Amino acid sequence: MTFDMFEQDGVNAGQAECYEQDVHVLRGFALPYVQDLMQGINKQVKTTSPLRKMTTPGGYSMSVATTSCGQRGWITSDTGYQYADRDPITNLPWPEMPKAFMSLAQSAANKAGFLNFVPDSCLINVYQAGSKMSLHQDKDEADFSAPIVSVSLGISATFLLGGFERQDKSSHIALHHGDVMVWGRADRLRFHGILPVKAALHSITQDCRINLTFRKTQ
Ligand code: SIN
Ligand code: FE2
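Thresholds, definitions, all that
- Residues numbered from 1 in each chain as written.
- Chains lettered and ligands numbered in written order.
- Predicted model: local features only at pLDDT ≥ 70, side-chain atom pairs only at ≥ 80, totals over all residues.
- Heavy atoms only, no water.
- Core = buried A, V, L, I, M, F, W, Y, C linked by side-chain atoms within 4.5 Å.
- Buried < 20%, exposed > 50% of the residue type's maximum accessible area, 1.4 Å probe, protein only.
- Helix = DSSP H or I, 4+ residues; strand = E, 2+ residues; numbered from the N terminus.
- Axes fitted to C-alpha atoms, helices over the stretch in contact; angles between N-to-C directions.
- Parallel < 35°, antiparallel > 145°, perpendicular 65-115°, else oblique.
- Left-handed = near helix turned anticlockwise from the far one by under 90°.
- Contact = heavy atoms within 4.5 Å.
- Nonpolar A, V, L, I, M, F, W, Y, C, P; charged D, E, K, R; others polar.
- Near = heavy atom within 4 Å.
- Polar contact = N/O pair within 3.5 Å; in protein donor to acceptor, adjacent residues only side chain to side chain.
- Areas by Shrake-Rupley, 256 points an atom, 1.4 Å probe, with all protein chains shown as cover.
- Pairing = 2+ DSSP bridges.
- Arc of directions from axis to C-beta.
- Donors = N, O, S within 2.8 Å, 3.2 Å for Na, K, Ca; no water.

Topic: the nonpolar core
Within the largest apolar cluster, 32 residues are counted, with the highest numbers of intra-cluster contacts made by F101, V149, V151, V180, I210, L212 and F214. Mapped onto this core, the elements with two or more residues apiece are α2 (34-45), β4 (65-70), α3 (99-111), β7 (121-128), β9 (148-154), β12 (180-183) and β15 (208-215). One finds V23, V25, A157 and M181 within the second-largest nonpolar core, a separate group that totals 25 residues.

Right, dumping it as structure tokens:
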């Protein structure tokens, strides 16, 4: 077990790394927002729409626990993946996107050169040791002109940045607490995923990694 809180946080804070033309990693960009993000997750989102492990259309339970906020939430169903106006567990609208979520997503998008990003959905993924996200494309949105903004909190993980075919070789990008990735335009439909997360402890999220993925879905 490693103690991320001593080794990783903010080591390269403020650096912006560009992997492909339109794939940016903003190191530590979310650090000033962490307290508001954690409060939003714990007090506003999870209390209305709890974390759950959804079942894929193929019948597998996802290893990542998820919930959503904003106008629409990403869900699985027997027929595929989609965005829904209501949480199927509560049958209520998803919780509103907390203000700090929106301002972080917009300022990260601006910093990466994507102006006027207005996400209508934030997916919250919670990874425990061993949880992973297989290679996939984000393609359930109505148009691909808006970027994806993806925030990492808590224990570190390895992000796989692939090509445009599933079998293309992937690069590995280490993501730490507070890092924000933004990708779009020519790179919007790249395959990506997360390797199985290694057991670790973080002072803010304890034994898990939290990812917030902001999207404009319609
Ligand atoms: C995703 O692609 O849905 C999640 C990526 C991440 O957890 O960083
Ligand atoms: Fe994704």
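Now that the structure has been shown, we can carry on.
Side note on the packing of α2 against α3
Their axes nearest at 8 Å, the elements α2 and α3 cross at an angle of 130°. With respect to α3, the axis of α2 lies oblique. At the point where α2 passes α3, the crossing takes the left-handed sense. Facing α2, whose interface residues are D36, L37, G40 and I41, α3 presents A100, F101 and L104. Looking at the contact of α2 with α3 residue by residue, the classes come out as five nonpolar, one polar and one charged.

Considerations on the site of ligand 1
Taken together, N125, Y127, M133, H136, S150, H192, I194, R209, N211 and R215 make up the full set of residues near ligand 1. Contact between ligand 1 and H192: an oxygen atom at 3.0 Å from a side-chain N or O atom of the residue. Separating an oxygen atom of ligand 1 from a side-chain N or O atom of N211 is a distance of 3.2 Å. Alone, ligand 1 offers 260 Å² of accessible surface; in the complex the protein occludes 98% of this. At the level of secondary structure, the elements contributing two or more residues to the shell around ligand 1 comprise β7, β8 (133-136), β13 (192-194) and β15. Among the elements that take part in the shell around ligand 1, β15 stands out by supplying three residues, more than any other.

Concerning the side chain of H24
One can find H24 in strand β3 (residues 23-26). In this structure H24 comes out as buried when scored by relative accessible area, which is 14%. Once you skip the residues sitting within four places of it in the chain, H24 turns out to touch E17, C18, A112, F114, V180, M181 and V182.

Re the sheet that holds β4
Taken together, the seven strands give an open sheet; going across it, the order is β2-β3-β12-β9-β15-β7-β4, and neighbouring strands pair in antiparallel fashion. Looking along the sheet, the strands with just one partner apiece sit at the ends: β2 (16-18) and β4. Across the sheet, the mean angle separating the axes of adjacent strands is 20° when strand polarity is ignored. Relative to β12, β9 runs antiparallel, the two sharing four bridges. If you follow V149 over to β12, its bridge partner there is V182. Against the sheet, α2 makes contact with β4, β7, β9 and β15, and its axis sits at roughly 90° relative to β9, the strand it touches most.

Quick notes on α2
An α-helical turn contains 3.6 residues, so a residue and the one three or four places further along point in the same direction. Those residues of α2 that sit buried are V34, L37, M38, G40, I41 and V45. What you see down the axis of α2 is that its buried residues fit within an arc of 155°, all on one side. Every exposed residue of α2 that faces more than 90 degrees away from the buried side is listed here: Q35 and K43.

Observations concerning the coordination of the iron ion (ligand 2)
Summarising the metal site, the iron ion (ligand 2) is bound by the protein donors H136 (NE2), D138 (OD) and H192 (NE2), whose distances to it range over 2.1 to 2.2 Å. For D138, a relative accessible area of 3% corresponds to the buried category.

Interpretation in functional terms is not warranted from these geometric data alone.
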